[in-house]
Amino acid sequence: MNGVPTSTVPRVRTSAALMASALVLYSCLCVQAAWKPADGPLMTKWSAEVSPDNVWPEYPRPQMVRRDWLNLNGLWDYAITAKDRMQPRDFDGQILVPFPVESALSGVMKRVGPDNRLWYRRTFEIPRGRRGHVTGRRILIHFGAVDWDTTVWVNGLKVGSHRGGYDPFTFDITHAVKAEEPQTIVVSVWDPSDAGTQPRGKQVRKPRGIWYTPVTGIWQTVWIEPVNPFYIESLEMTPDLDAATLKLKVNVEGNVPRTGTYRVMAEVPEQLKLGLPSVPKQMGAADAAIGEELEIPLADPKLWTPDSPHLYDLKVMIARKARETTVTGTGTTTDWEGVDSVQCYFAMRKISIEKDEEGINRLFLNGKPLFQYGPLDQGWWPDGLYTAPADAALRYDVEVTKQLGMNMARKHVKVEPDRWYYWCDKLGLLVWQDMPSGDRYIRRTQPDIVRTKESAEQFELEWSRIIKAFYNHPSIVMWVPFNEGWGQFDTDRIVQMTKDLDPIRLVNNASGWTDRGVGDVHDIHRYPGPACPPLEEDRAVVLGEFGGLGLPVRGHTWQDEKNWGYRSYDNRAELTDAYLALLDNLRPLIGGGLTAAVYTQTSDVEIEVNGLMTYDRAMIKMDTDKVRAAAEKLYLPPPIVTVIVPTSQEDGQIWRYTTTAPASGWQQSDFDDSDWDIGKGGFGTEGTPGAVIGTTWDTPDIWLRRTIDLESTVPSELFLTIHHDEDAEVYINGTRITKLNEHTSGYVRVALDEKALAAFKPGLNKLAVHCHQTRGGQYIDVGFVDIKERPAKK
């Protein structure tokens, strides 16, 4: 970010004493033993650059930056043991922080298990004569995230405990810092993984399928920060586009002296440079008493969008009145002395649900409809598991997502370090943020679980901390407390709690299968899909997961055999074609009211091979140009969809049908089907996902026929609407217009080629269908729609 110049009104001078007391900390003097990563199954290109001297050196909190800090990443002593007390001789070796102990980049790659604790130990030095308890400054230790139950000692004194694997936490260690060097930090961590009820995401002790290796211990940056006796603890930045202001709450920690005058001041350099003498109040600056909210007016604010992610720099400070000077003829001038200051950034953007011209609820960004499309982003790495090998790797994932034409990512049952959201803010990527799941899981038709008091309180505590910690990131536009019934409980209350904590963002009550009719969107999952939920009066409809097309790439997989995807393909061309077909089918659903879609997924993860990239990020598995071009079509104005031949979704259509193999020529127009049964569509068994049963069909095969009327003309943009489980063949006037294998889990649209369209004629046409079933649920229903692009507005 740009530097922040001193404000012209009021004048502020930097205290020489403050500069002199700046605590310049440096890392421990212990000898750095030779280190190398463990022999993991797969590594990324960034792992070659990782070493104890340069591991995650970036400042970890981009929205509240102070100049003085000490990075404690690097080699620590570690031990895995059931002991509840440790001596220096008890440690087993060294671990590279902040990589979890199960990862290759930790240098350890060992499991801990719920019966043991993971212990850490390291030392650091404070330069002589400048210790916090001598100079009057406080010493804070920050942990970006530790999974899960953490206790910290400094020089043998317990300084705090924390439970939560995804939220940052801080302890004041001033009282524990001693005069003699070195200072010693000991950390103890217990993590039950899936043996407990705590939020854990996709971690399990026995990885399989969509469940991954457990993660234990420190997995984000640890750092020390010197601050003044009273200091800026946190900020809450709320953009108000309607009023063209930034509302700013500055939370101050510590005891503010009763003597003297103190105020909080904030300024936006970009606005101060505008120089607007005709404006009666200073644009881009505000001040207030400590504890009061600031409102910073902005002249003609630039809005943040994925295409133009404008960020404003912001300087916030606590200042003390130093002196007042009376100048003859000009009044009184006040000099202010900076006590504490932080560099920040913010953006002006608004997310909402509004009705479009046709009365359909859609997602709006800054008052304009915007279809949101992007990947299900797991955030896992083959060499670091929860921890990316480097900041550049986090940035790369965001860059590739943008390169593929996407404008959003759904961060799936994991929370990232602040710097991932920083790159989303800076590069322009909308984020749906999941709460990591935990406790027991329910099936689609089951009610919410009843959690124990301890489990419920832990969920709510962690969720509220996560919302508070990441509230200021403009990229985050939706909170998702539950996914597919994983630990879902008290849905109505949790949604309202989320709304109360953050009234400026949308809430997705449950992504996939277990919607409870509350929140801002109805979210379904369909693999491979796509599909669209029925339109609603008050909520928008979204496709929270679809796709999952798999391609294992030899040399770039977690294991050589038994890899898994929802659908598998043999090469890049086949995968690209299948993906493009999905997006072709997605476009018509937008015309019908779909407002967002999430493709599974950003990268392969362990044995899952359905990523846009390989797990090691060495390869984008599809044709990038074709993928980007297909995605860009999704952002055009919604097409006009006209039903030509209805399906049985809303009203059961009458068909002739048989489950006994018919004579040859059954698909021809003149075939005599008078002895076939008559029934209402759709045909299938109850419980089949997305099915609307009119007539039960539970045999291996069914043949259907009906007459349809296209009246005077055949539409030029005719699409098949079909829900098939499993293989289906569709004929018009005896000509097969499509053959579809496997199954869908909802109604999809299928584009018809020129040969298929040529089979139609004006007036009456004979529609014939054959569906074959082998296992599980079964269903068949078809119809046709006309889809035309909306003319551009003049």
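Residues numbered from 1 in each chain as written. Predicted model: local features only at pLDDT ≥ 70, side-chain atom pairs only at ≥ 80, totals over all residues. Heavy atoms only, no water.

Caption draft 1: Expanded view of empty space enclosed by the protein. Scanning the entire structure with this criterion turns up 1 cavity of 30 Å³ or more. The volume enclosed by the largest cavity comes to roughly 70 Å³. Looking at the largest cavity, the residues that line it are Met-237, Pro-239, Phe-346, Ala-347, Arg-349, Tyr-471, Asn-472, His-473, Pro-474, Ile-504 and Arg-505. The residue makeup of the lining of the largest cavity, split by class, is 7 nonpolar, 2 polar and 2 charged. (1 Å grid on protein atoms, 1.4 Å probe; cavity = no way out; pocket = protein on both sides within 12 Å on 5 of 7 lines; lining within 4 Å. Points joined across faces, edges and corners; volume = space filled by probe spheres on them. Nonpolar A, V, L, I, M, F, W, Y, C, P; charged D, E, K, R; others polar.)

Caption draft 2: Region of interest: the pairing of strand S42 (residues 735-740). Where strand S41 (residues 727-732) and S42 come together, 5 bridges link them in antiparallel fashion. Note that in S42 the partner of Glu-729 across the bridge is Lys-739. Count of turn residues in the S41/S42 antiparallel hairpin: 2 residues, of which Asn-733 carries a positive phi of about 55°. (Pairing = 2+ DSSP bridges. Helix = DSSP H or I, 4+ residues; strand = E, 2+ residues; numbered from the N terminus.)

Caption draft 3: Looking closely at helix H7 (residues 491-501). If you check which residues of H7 are buried, you get Thr-491, Ile-494, Val-495, Met-497 and Thr-498. All buried residues of H7 lie within an arc of 160° about the axis, which places them on one face of the element. Buried residues along H7 sit in contact with helix H6 (453-469), strand S27 (476-480) and strand S28 (506-507). (Buried < 20%, exposed > 50% of the residue type's maximum accessible area, 1.4 Å probe, protein only. Arc of directions from axis to C-beta. Contact = heavy atoms within 4.5 Å.)

Caption draft 4: Inspection of unusual backbone geometry at higher detail. Residue Pro-528 is bonded to the preceding Tyr-527 through a cis peptide linkage, with omega at -5°. The residue after Gly-529, namely Pro-530, is reached through a cis peptide bond having omega 0°. For Pro-530, the location among the structural elements is in the loop between strand S29 (521-526) and strand S30 (540-547). Even without being a glycine, Glu-606 presents a positive backbone phi close to 50°. Within the element layout of this structure, Glu-606 appears in the loop between strand S33 (594-600) and helix H9 (624-633).

Caption draft 5: Representation of the packing of helix H8 (residues 572-591) against H9. Relative orientation of the contacting elements H8 and H9 amounts to 5°, with a least axis distance of 10 Å. Considered as vectors, H8 and H9 are oriented roughly parallel to each other. Facing Arg-572, Thr-576, Tyr-579, Leu-580, Leu-583 and Arg-587 of H8, the residues of H9 in contact are Thr-624, Lys-626, Val-627, Ala-630, Ala-631 and Lys-633. For the contact of H8 with H9, the class distribution of residues is 6 nonpolar, 2 polar and 4 charged. (Axes fitted to C-alpha atoms, helices over the stretch in contact; angles between N-to-C directions. Parallel < 35°, antiparallel > 145°, perpendicular 65-115°, else oblique.)

Caption draft 6: Representation of the pattern of salt bridges. Counted under the stated rule, the structure contains 44 salt bridges. Its salt-bridge partner being Arg-362, residue Asp-356 comes within 2.8 Å of it at the nearest N-O pair. Asp-439 is paired through a salt bridge with Arg-451; the nearest N and O atoms lie 3.9 Å apart. Taken together, the residues span a long stretch of sequence, with Asp-439 in the loop between strand S26 (430-434) and H6 and Arg-451 in the loop between S26 and H6 at a distance of 12 residues. The residues Asp-439 and Arg-451 share a single accessibility class, namely buried. If you follow the salt bridges from partner to partner, you end up with Arg-61, Arg-66, Glu-225 and Asp-340 in one network. (Salt bridge = Lys/Arg side-chain N within 4 Å of Asp/Glu carboxyl O.)

Caption draft 7: How the structure looks around the sheet that holds strand S35 (residues 654-658). Strand order in the open sheet formed by 6 strands is S36-S35-S39-S44-S41-S42, and the pairing between neighbours is antiparallel. Whereas interior strands pair on both sides, the edge strands pair on one side only; in this sheet they are strand S36 (677-680) and S42. Here the average twist between neighbouring strands, direction ignored, is 25°. Note that S35 and S36 share 4 bridges and pair antiparallel. Bridged to Ile-654 within S36 is Lys-680.

Caption draft 8: Main features of the sheet that holds strand S15 (residues 245-253). The strand order S14-S15-S18 describes an open sheet built from 3 strands, whose pairing is antiparallel. Of all strands in the sheet, those bounded by a partner on one side alone are strand S14 (231-240) and strand S18 (294-297). Each adjacent strand pair in this sheet contributes to an overall mean axis angle of 25°, direction not counted. Two strands pair when backbone bridges link them, and S14 and S15 are joined in this way by 9 bridges, in the antiparallel orientation. Among the inter-strand pairings, Glu-236 is bridged to a residue of S15, identified as Lys-249.

Caption draft 9: Focus on H6. Its 17 residues give H6 an end-to-end C-alpha distance of 24 Å, which sits within 8% of 24 Å, the value for a rise of 1.5 Å per residue. Of the surrounding elements, those touching the buried residues of H6 are strand S9 (157-163), S26, S27 and H7. (Expected span 1.5 Å × (residues − 1).)

Caption draft 10: A look at the nonpolar core. Counting 105 residues, the largest nonpolar core has Tyr-373, Trp-432, Tyr-579 and Leu-586 as the members making the most contacts within it. If you tally residues by element for this core, the top one is H8, at 9 residues. In terms of nonpolar packing, the next biggest core, distinct from the first, is built from 31 residues, Val-112, Tyr-120, Phe-143 and Ile-173 among them. (Core = buried A, V, L, I, M, F, W, Y, C linked by side-chain atoms within 4.5 Å.)

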